[in-house]
Amino acid sequence: MPELPEVETYRRFFAEHAAGRTVRSVDVLDPAIVRNETAPAVDLALRGHRFGEPRRHGKWLLCPASGPVLLVHFGMTGDLVWSRQEPERHRHDRLALVFDHGELRYRNMRKLGGVWLARDEAELKDLIGDLGPDALDVSRREFLDRLSRRRGGVKAALMDQRFVAGVGNLLADEVLWQARIHPRRRIDDLDAATRARLFRTLHRVLRVAVDEFDYLESRMGWLNHVRGEPGARCPRCRTPLSRVTFAGRTTYLCPSCQR
DNA sequence: TCAGTTGTTTATAT
DNA sequence: AATATAAACAACTG
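Residues numbered from 1 in each chain as written. Chains lettered and ligands numbered in written order. Predicted model: local features only at pLDDT ≥ 70, side-chain atom pairs only at ≥ 80, totals over all residues. Heavy atoms only, no water.

*Asks:* For the pattern of salt bridges, give the residues involved together with the corresponding values.
*Replies:* Overall, the coordinates contain 23 salt bridges when judged by the stated rule. The partner of Arg56 in a salt bridge is Asp134, with the nearest N and O atoms 2.6 Å apart. Residue Arg56 is located in strand 2 (residues 55–57), and its partner Asp134 is located in the loop between helix 3 (121–128) and helix 4 (140–148); the two are separated by 78 residues in the primary sequence. Taken individually, Arg56 and Asp134 each receive the classification buried, so the pair is uniform in this respect. Measuring nitrogen to oxygen at the nearest pair gives 3.2 Å for the salt bridge that ties Asp160 to Arg162. A residue is classified by how much of its surface remains accessible, and Asp160, at 13% relative accessible area, is buried. Overlapping salt bridges, with partners in common, bring together Asp27, Glu86, Arg89, Asp93, Glu103, Arg105 and Arg107 in one network. (Salt bridge = Lys/Arg side-chain N within 4 Å of Asp/Glu carboxyl O. Helix = DSSP H or I, 4+ residues; strand = E, 2+ residues; numbered from the N terminus. Buried < 20%, exposed > 50% of the residue type's maximum accessible area, 1.4 Å probe, protein only.)

*Asks:* Let's hear about the environment of Arg84: which residues, and what values?
*Replies:* Relative to the helices and strands, Arg84 resides in the loop between strand 5 (78–82) and strand 6 (93–99). When its relative accessible area of 61% is taken as the criterion, Arg84 is described as exposed. Engagement of the side chain of Arg84 in a polar contact is seen with the backbone oxygen of His101, the distance being 2.7 Å. (Polar contact = N/O pair within 3.5 Å; in protein donor to acceptor, adjacent residues only side chain to side chain.)

Here you go:
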């Protein structure tokens, strides 16, 4: 379930199991999941290398291995699995990093996303493309500055990875609902107080989310707690929520609270 | 059978 | 040049 908070969870998981460990082999179980190299090339590049501390930028997990960097993107259905917790490989396990003490598997049912190998930091930048600042890392000043240069709808901006990196469909709805901003509101129409509220809310939602596993469902009083339930009502004012399609994505909002 | 799904890219239109 | 939209990608689930 990967947006920024989930990928942060994967980063910690990778750090726990793979950082400081030497790769014995890379078993590519589905060659199509490696997007920019052949399966043997990935094995050859990483075998015998030791992983350092993983980093995260937006929804990308970046795993340096003394020289080459393994790039992991989770799409909609990606996951990491540690072999001690689940001994058998699953049919959606697409790649396994094999260590002496176990194996870390990249699972992805739908195969959106995948794994890339960068030979160095320069190649890494080319592969992840023109990403904006990480949504949890961006300063208020930079966020407001970027917002002032942006036109169009506010939800589209939040979800644009070149604007800020890490916010997806569910988080965008959550932030806008908490900040009481209609997702179709034009950025030009937002006054200074509303822009400041948007930043504060974005930051607060992300902070809570990265610290709380399963926040999407467990966080009482949040939009995502009731999202998708038939007849769902706004947790604040009890007005029935609207469900609309916006740029091909399902959007939930409260017609009473949000403008 | 049909609609829907937390992401990204591409083509096309505005 | 930016922004908006739909479709495609793939593999399910209800």
